[in-house]
Amino acid sequence: MGDQRSSFTGKLGFVLAAAGSAVGLGNIWRFPYLAAQYGGGIFLLVYIILALTFGYALMTAEIAIGRKTGLSAIGAFKALDKRYAFVGYIAAIVPVIILPYYSVIGGWVTKYLVAFISGQAPVADASDAYFGDFIAQTGEPILWFSIFIGITAVVVFFGVEKGIEKVSKVMMPILIVLALVIAVYSVFLPGAMEGVKYYILPDFSKFSVTTVLAAMGQLFYSMSLAMGIMITYGSYIKKDVSLESSVKQIEIFDTGIAFMAGLMVIPAVFAFSGGDPAALGKGPSLMFITLPKVFASMPGGTIIGAVFFLLVLFAALTSSISLMETVVSIFQDKLKLNRTWSCVIVLLISVLLGLPSSLGFGAWGDILFFGKMSFLDFFDFISNSVLMPVVAFLTCIFIGYVLKPKAIIDEVELAGKFKRKDLFVFVIKYLAPICIVLILGFSILEAMGIIKV
Ligand code: PHE
């Protein structure tokens, strides 16, 4: 994403790059803890339904807008209709909010990688205390956060994403195989079958509006939607690439890895805690507490743990790089800064915004939003549960009623027939906007404690 618009060599290049941005901590860290927290099977079911409708329609729309205009979010909306340029601006804020806290988690992953390599703690002491003690400190988590965001910035600054992407093309398949091995192992731990049932079989009594909101926010996050990233990627693809089948492949990849991550973590939570609701509701710390226990119980667990966290680190880096690239190019375009300055400024802003998220589990742990959210949860909530649904809603309204779906359909049909055209139109014009408004309304009222859903 440099100054001139380059283009992907072909469909495979595009699908892999988009999947590199999509597959990351969202799949491996965020999906399992949400599924554990929001009722297991019911969350999984809602997520899959949303992926096949919302996710599919929005991703197609964003990529098509990008390819049609050849521009990134702000420019693309402006080029299509000046009055809607503001949607591009709101979309542009999202990665600015996500990058800092994403890097805090990236820092935790880096710490775990180094701890496993050096044969330290998490395996020897597979207790909940290790992680809690670590994030409650001030200096150490900030150090790891700085290392993670520093690596991201160096890659973006020197423009060596291609190198990272090449490595990650090798790492990703290994990650899938290793995740499969760990998942199979977890599933066969004594007591884990209950967890498999919890994860796979939907319990409709656990359904609530918040389940849908959480699943929807996760979907946008995981597929890198509603923040302009897919628009930018779309602007790099050639006209003869089939958008429909690319979207299908990216979705299968992204959802498949999330599903497997859930299978690694959730059965293990049951094996070690018997499905204790407190363990299931651990939130952002779940992966860091459960997986070390799995590794501790595995023969060769230290090595497996080290390899696993290395792979996760790569998946996280390809995502954080795409986040930072986006922010840097917005600063370059809008503030007319050169690349060096925009990298420096973005790095400084991200470090500043990341500090509260890092401190929020220790020194600043008393500061809670809406009486329950730490800084990290709060930033996550603002981006995933508020801004992204708003951007998604406005995108649907814009395409459904202003630009008209035909513009997107024509763009898709440049490379052959658009098979799921009717579904696309239905989702963009009716299903998605109505659902988003309802869910968003409920969730904001709920977060503020006005209603209980
Ligand atoms: N989709 C990435 C993940 O699942 C996160 C991300 C969001 C990356 C937005 C880039 C842009 O981890």
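None of these values were measured; they are calculated from a predicted model.

**Notes on the nonpolar core**
Phase 1 of the analysis: Residues Met264, Phe288, Phe308 and Phe309 are the most contacted members of the largest nonpolar core, which totals 161 residues.
Phase 2 of the analysis: Top element by residues in this core is helix 5 (residues 85-117). It accounts for 17 residues.
Phase 3 of the analysis: Setting aside residues no more than four positions away along its own chain, Phe288 makes contact with Trp29, Ile105, Trp108, Val109, Tyr112, Phe131 and Phe309.
Phase 4 of the analysis: Counting residues in each nonpolar core, the second largest holds five residues, with Phe378, Phe381, Val386 and Ala447 among its members.

**Some remarks on the packing of aromatic side chains**
Phase 1 of the analysis: On inspection of all chains with the given rule, the structure shows 33 aromatic pairs.
Phase 2 of the analysis: A centroid spacing of 6.5 Å and a plane angle of 45° characterise the contact between Tyr112 and Phe116, whose relative ring orientation is tilted. Within this pair, Tyr112 and its partner Phe116 are both found in helix 5, separated by four residues, close to a single helical turn.
Phase 3 of the analysis: Here Tyr112 falls in the buried class, since its relative accessible area comes to 1%.

**Quick look at empty space enclosed by the protein**
A probe as big as a water molecule, rolled over the atoms, marks out the empty space that is left.
Phase 1 of the analysis: For the structure on display, the rule yields five cavities of 30 Å³ or more.
Phase 2 of the analysis: Approximately 110 Å³ is the volume attributed to the largest cavity.
Phase 3 of the analysis: Lining the largest cavity we find 13 residues, and of these Ser21, Tyr102, Tyr221, Ser224 and Leu323 sit closest to its centre.
Phase 4 of the analysis: Contributions of two or more residues to the lining of the largest cavity are made by helix 1 (11-22), helix 5 and helix 16 (301-335).
Phase 5 of the analysis: Per-element accounting of the lining of the largest cavity gives the leading share, three residues, to helix 16.

The rules behind the values
Residues numbered from 1 in each chain as written. Predicted model: local features only at pLDDT ≥ 70, side-chain atom pairs only at ≥ 80, totals over all residues. Heavy atoms only, no water. Core = buried A, V, L, I, M, F, W, Y, C linked by side-chain atoms within 4.5 Å. Buried < 20%, exposed > 50% of the residue type's maximum accessible area, 1.4 Å probe, protein only. Helix = DSSP H or I, 4+ residues; strand = E, 2+ residues; numbered from the N terminus. Contact = heavy atoms within 4.5 Å. Phe/Tyr/Trp six-rings, centres within 6.5 Å; stacked < 30°, edge-to-face > 60°. 1 Å grid on protein atoms, 1.4 Å probe; cavity = no way out; pocket = protein on both sides within 12 Å on 5 of 7 lines; lining within 4 Å. Points joined across faces, edges and corners; volume = space filled by probe spheres on them.

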